[in-house]
Every structure is written in structure tokens, then in C-alpha cells.
Amino acid sequence: MRFGSLWRWWLAVGVLAIVGYFQLPAQGLGRSIGYNSLGFVSAVLILVSIRLHRPLRAKIWYWFALGQMACVVGDVIFDYYRLALHEEPYPSVADVFYLCSYPMLIVGLFLMIRGGQRRLALRDMAGLIDAGIVGTGLGLVFWVFVMEPLAREAATSAGLLEQTISDAYPALDGLLLALLARLVLGGAKATTSSRLLSGAALALFAADTSFSVITLNSDYQVGFLDAGWLMAYVLWAAAALHPSMRDSGETAVAGARSVGRRRLLLLAACSLIAPAMLLVPSVASNSLDRIAIAICAAALFLLVVLRMSGFVGEVQRQSHQLAELAMRDELTGLANRRRFEEALRAEFATGSPQVALFDLNGFKDVNDRFGHAVGDELLAIVAGRITGALRPDAMVARMGGDEFAVLIPNASDRAGNAVVRRLAATFHAPVHAGQQDLLIGASIGIAGAEGADGPMEVLRRADVAMYEAKGAGKPFHRYTTELDQHSTEQARLGAELRAALDAGQFQLVYQPIVALPAGSLVSVEALVRWVHPERGWVSPAEFIPVAEQNGLIVELGAWILRTACAQAADWRARLGDRAPARVNVNVSARQLAEPGFADLVSAALADSGLPPSCLVIEVTETAVFEGGRAQETLHELHALGVLVALDDFGTGHSSLGLLQTVPVDVLKVDKSFVDNITMAGRHAVIATALINVSTGLGLTAVAEGVETAEQAAELHRLGYRLAQGYHFGKPVAEPDFGPAEITAAV
């Protein structure tokens, strides 16, 4: 900022000017010119600062400039009396300007304290009371040692006008002190400008008070108090020159809401001033002072009581706010899990509630692709839609993440079903969030209280029904007891999976991938099998979905990856050229979304010594269709040198579109296109189109599910050079790596 350092330069110049002032002859013309020039320049600098910084409330600073200028005019008039007329009349015209300067300064401070509010006391009662405590305590000291002696002296030796003016100076100083206390105790973050203003007002108050006390007891001749008045001029201009003056009056008082240690000590000290004054002998014997002490003590007591009641009220208000926040979701404004469970308990005790529980399908992908800000916006919009679709007595809660719950009081199964149908309908229209039209679905589970032994049982049933809806691809599903049996079986199978992994019950088998037409083994695909100690072989179709649901697929997949890499490296070491060139490992969407999966693959390759080009990661189209973290992981793997294969190609979403976004090396054409390849028709046309796409993009195509020699021959005729299926070999622990005897019928 170009003018940001002006205030420092002015402070330095001002201090040097004050030092120079005292080097001039006392009572001389040079001192008068120096004194008045410093005051005049200070007033002008305030006006210049208004032009430089464009304060939001310039009126404050105009009042300060007028006050300064009035004081300068008073000084000039007084010096005229003293130097030209050789007299020092009191009171004089100079006192008119001196006294007029105080209201102007006071108005400026008042406007700064009030800020943009018309009702200050209501906005900041605590800060006002604190200022009252400090002002009352210090005002009592000011009365006892300054105002009361001055008033007593003036009453005995001065006329009415002189007495009135003599009393006016300390009274205005007292008001200045009270406003200064209010400014300091306002509670807002102090700025450099406000600190300089406080210093200016304090310097003026100290000089005036010292002058009153000194002249009360002796003649003032030395002039050392001029330093205080001059410093007030300098500090007032420095406060205006500082850039932070721009915000004066807008943020000077924001409410004294916290009581720090220093503030507490100040308030305690001011509260104890009244009884402490009784210990001063001259005060204790003065009846007027005792009356003042009694009045101030009563006022301080009432102010402290008000402060404590305000503090208690503030604590209660904040406690209520915290309780409300503890029961409400900050993002959506809905009830949270705790509030929902409390309401469910109350409703279960008195009625027959229905509970719907659901989460958003595809929400994680929205977060991955567009960021959490868009995800948060989507949640807020969905919350509004849900609320609008429900009857007034229903409660909607965000249970966490993208999971929501609805409590429907005193509702039948039929009424509950009608509610969830309306809920499902709210997801038909896209959600516009983050400048994107996002199509989000939901899997809703609903359960009633009939037969439940507690409110949490109703919630559990809704959760079971939700997962059933998700697994079945339905918009919603109602809980039945059969679901628990299925859920129990899955839970039991999940527990056995954990034990099986720890006990080493899994093993890998390998199915050959051969070259056409000779049928020579080129590579193998690793497949996992579970040898159960009691049930024997357990089909992957049974345990893989359970492993994906409970997350064990991550640990199981890591074991498969490490074992397959180690086996492939062992074959390369033992068999040399007869070893398969590559090993294919299937990876689920859950694994791809796991942070650090690429690092896991890199570590498995490093530990086994298998070259990255000898590993093929197989993924399904649905696993990477939504993009996000899954596709990022594939790019990381490809950068390592690992090959990527799209499994079951042609059966998923937007197959051709994926070839533009996923780093694919191998297309594994699904068995459904191979089954009828020998018959003329759509399957043969599609198979031909797929090999043409593969060849055109420079990809390797593998035909899956080949079961007959005729299929192998037709595939070779269409252009396929790699195939896999029972015709060439079933998955076994160690395939036959010798010369192949199976050939395609060409």
C-alpha cells in the first residue's frame, strides 16, 4: 500500500517536533508557533487521511478534525492574549473553543463506539456494563481527587462563570474517560488505528487532569504538561493516517463476549475501588466523598449483578444452541442420528412407527469425479427434496455420509409403502449441483414396529431391507423375517471367510489362455478357490459377493495378487521359455477404489521379482464405468508397466466409450458372444465387429468361454488369435506347460 507507512513517519516527526519544542525559549513566540503549528498540521492530516483511505464512516474523522481545529483556534487566541496583550484572562474566548473541542471529540468517539447500529445497548449489553463498571470505579477516583477539590476551591474563590467553566473541564474529561473505557472494552479485534486513538484520548485526559490537580495546589509555570497535549495531537493524526482507520465505526464494537484474565482483573479492581477509598483518611472524613462512595458502591454492585445475570443468560443461551447443534446435521439442517434415535424411542413407546432407511447410489463416484463440494451440495438438495415429499409429522434425518432415515409416526405398512414410493420418485429427476446434472438413485429399506422388541430393532430391520433392495436392484424393499435368515447366512459366511483367510484355506488355480490355431499356452488367469474343511469346495459365486460386501475382498485380493505374482516368478525361474508369458489377476471395484492399491501391486512385483509387463490386471466394465478413483488407479498401474484387460467386454455400460478413458491393452470378449459363434446371426456379427475394433485400436483380443473345436476354428477364421475356455483346459493348480495336444479344427 502506497500510504501504509505514512503514520510511522508522522509519529517520528511528531516526537522529534515535541523534543524540539522544549529546546525553544519558554514563554517565547517560537514555542507558540511550534505548538500551534503541530496542532494545525495534525488537524489537516486527519482531513488528508479521509481522502487517502476513504473510511466507511468518514463522519467520525470529520468530527475529530473539527475538535482538533477548535483546540488549535483556542491555543492561538490564548497566545494572542499572552503575547500581544500581555494578559492571561480566565475565563476567556479561548475557553469557548477549548470547551467546544471536547463535544466534537466526544461525538467522534461515540459514533465510533456505536458503529452502524442504532441500538447499541441491545447489541452489546455485556460490553456496555463492563465499561460502566470501569467508568464508575475510575470516575469515583476522579471525583475524589480532582472534581470535588476543584469544585470546593472554585466555590470559595471564584464567580459563577469561572466556577462553571472550571467544573466543565474535568466533567468533560470524565465523559472522555467513560467513552475511552467503552472503546477499549468493546470486545472487537483492536486495530492499530483504534489503539492510537485510545492513546491520544488518554494523553489528553492525563494532561488535563494533571493540569487541574497541579493548579489546584500550586502555580503551573514549567510547561512540561505541554508534552501530553502535543502527543495527543500527534497520536490523533497518526490514528487517521493508519490504513486500518478505513474500517473504524464498522467493526469497533462487535460485542464483548469473552472475559479474559486481564479484563477480569480490571473489572475486579474497579469493583473494589469504592470500599478501598474508605481507607483514605481525608476521604473518610469528607461527608460529600462518603456520599459519592456510597452511590458508586451501589452502582457497582448493581452493574456486577447485571453482568453476572448476563453471563448466566449467555451460558444458558449457548447451552441451548449447543444442544440444538448436537441434534442437527450441520450440512443439511436435518436431524442427526442422535435426534432421530431419540424420536424413534419416543414414538416406539407410544405408537407404531414405520422407519425407512436409504443411501444414495453413485454418491461416492460424484465425490471422486467432481469433488466433495459438489457432493455436499448434492446432499443438501436431496435433503430438501426428501423433506418436501413427506407429510408434516414425518421426521427426516441424515444418519451420516449419504445415508438418510425417515420416521413415519403411527403408520400402517400400506401408508409406509406409499411414503417410500414418493421418496423413490424424488430421485427420477436429475440433481443440478456444481453446474452438473447428476442422476442419483437410492436403495430404500422400510420396516414397521410390529413384532420388534425395541426401537433399535426397527432401525436394524430397515437396514437389512435396504441392503436387500440394493442387492436386488430394486427402488425399495420391505423387511420380512426371511431377510434375517439370508442375512444370518451371509454373516456366518463372512465370519468363516475371515477364519479361512487366516487358516490358509484358499488356493489359486490357473486356467490357460492359448494361441490359435495351435492351442499353445501363452498365459494363465489366476482364479481363487475355497477348500472348506467341512463343505469342501465352495463356489466363488457364493463367497466373492460376501467378501465384497464386508470389505474382506481387499485383503483376499491382496493375497491373490501376491500369490499369483510369486507363482508366475517361480515358473519363469523353473521353466524358462515354457513358462506362461503373463499371469492375469482379477481385481474388483472395491480394490481399485482403495487408496494405495497401485503401491500394493508395485510391492507384490518387487517382492516376487516378476516384471510388470508379465502381470495383467483384469477389471470389469462396471467396475470402472463411473470413473473417479478406479480409473485413476488403472492409469497408475499402466504407468508402472502393468497391462490392463477389460473382462466380459461388450456386456457392460458404454463399452466403446471406456476405450477412450481407460488405458486398455487387452479385450476379453464375453462368453455370450462366443456360445453361438458357429451359427450365422447377430452373435457372429458382433464377434466380428469386436475383433475389428480391437485390431483397429492395436489391442489384443481374447475370446472367453470356448468349449468346442468348432468355436475355436470359427474364432480363428474371424481373426481371433487368443482364446480361453474348457476346450483348452480347466483351471488347475499347475497347468500342463508341455507341447499342447489340443488344436483348433481349421
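Just so it is clear, the structure is predicted and the values come from calculations on it, not from any experiment. (Residues numbered from 1 in each chain as written. Predicted model: local features only at pLDDT ≥ 70, side-chain atom pairs only at ≥ 80, totals over all residues. Heavy atoms only, no water.)

1. Topic: the nonpolar core
Part 1: Grouped together as the largest cluster of nonpolar side chains are 75 residues, with contacts concentrated most on Leu615 and Tyr720.
Part 2: Among the elements that line this core, the one with the most residues is helix H21 (residues 552-575), at eleven residues.
Part 3: Tyr720 has contacts with Leu516, Val669, Ala687, Leu690, Ile691, Ala701, Ala703 and Leu715, leaving out every residue within four places of it along the chain.
Part 4: Formed by 54 residues, the second largest nonpolar core is a distinct cluster that contains Trp7, Cys71, Leu176 and Ala201. (Core = buried A, V, L, I, M, F, W, Y, C linked by side-chain atoms within 4.5 Å. Buried < 20%, exposed > 50% of the residue type's maximum accessible area, 1.4 Å probe, protein only. Helix = DSSP H or I, 4+ residues; strand = E, 2+ residues; numbered from the N terminus. Contact = heavy atoms within 4.5 Å.)

2. Some details on the side chain of Asp226
Part 1: Following the sequence through the fold, Asp226 ends up in helix H9 (residues 226-241).
Part 2: Engagement of the side chain of Asp226 in a polar contact is seen with the side chain of Tyr21, the distance being 2.6 Å. (Polar contact = N/O pair within 3.5 Å; in protein donor to acceptor, adjacent residues only side chain to side chain.)

3. Quick look at the pattern of salt bridges
Part 1: Inspection of the entire model under this criterion finds 20 salt bridges.
Part 2: Among the ionic pairs, Arg398 bridges to Asp329, the shortest N-O distance being 3.1 Å. Residue Arg398 is located in strand S3 (residues 395-400), and its partner Asp329 is located in the loop between helix H13 (287-326) and strand S1 (335-336); the two are separated by 69 residues in the primary sequence.
Part 3: The buried category is assigned to Arg398, whose relative accessible area is 14%.
Part 4: You can call Asp329 buried: its relative accessible area is 14%. (Salt bridge = Lys/Arg side-chain N within 4 Å of Asp/Glu carboxyl O.)

4. A few points about the pairing of strand S16 (residues 700-703)
Part 1: The pairing of strand S15 (residues 666-669) with S16 spans four bridges and is classified as parallel. Bridge pairing in S16 links Lys668 to Val702.
Part 2: By the bridge criterion, two bridges tie S16 to strand S17 (residues 722-724) in an arrangement that is parallel. Looking across to S17, one finds that Ala703 is bridged to Ala723.
Part 3: Handedness of the crossover is the feature at issue here: the chain leaves S16, passes through helix H28 (residues 709-718), returns alongside S17, and the resulting connection is right-handed. (Pairing = 2+ DSSP bridges. Right-handed = clockwise from strand over helix to strand, strands pointing away.)

5. Quick notes on the confidence of the model for the chain
Part 1: Confidence along the chain averages 83 in pLDDT terms, with 90% of residues attaining 70 or more.
Part 2: Looking at the elements of the chain, mean pLDDT is at its lowest for helix H5 (residues 120-123), recorded as 45, and at its highest for strand S12 (residues 582-586), recorded as 96.
Part 3: Residue range residues 251-257 is modelled with pLDDT below 50. Its contacts to residues more than four positions away, or to other chains, number 27 contacts.
Part 4: Confidence over residues 740-746 falls short of pLDDT 50; this stretch has 18 contacts with residues more than four positions distant or in other chains. (pLDDT = per-residue confidence, 0-100.)

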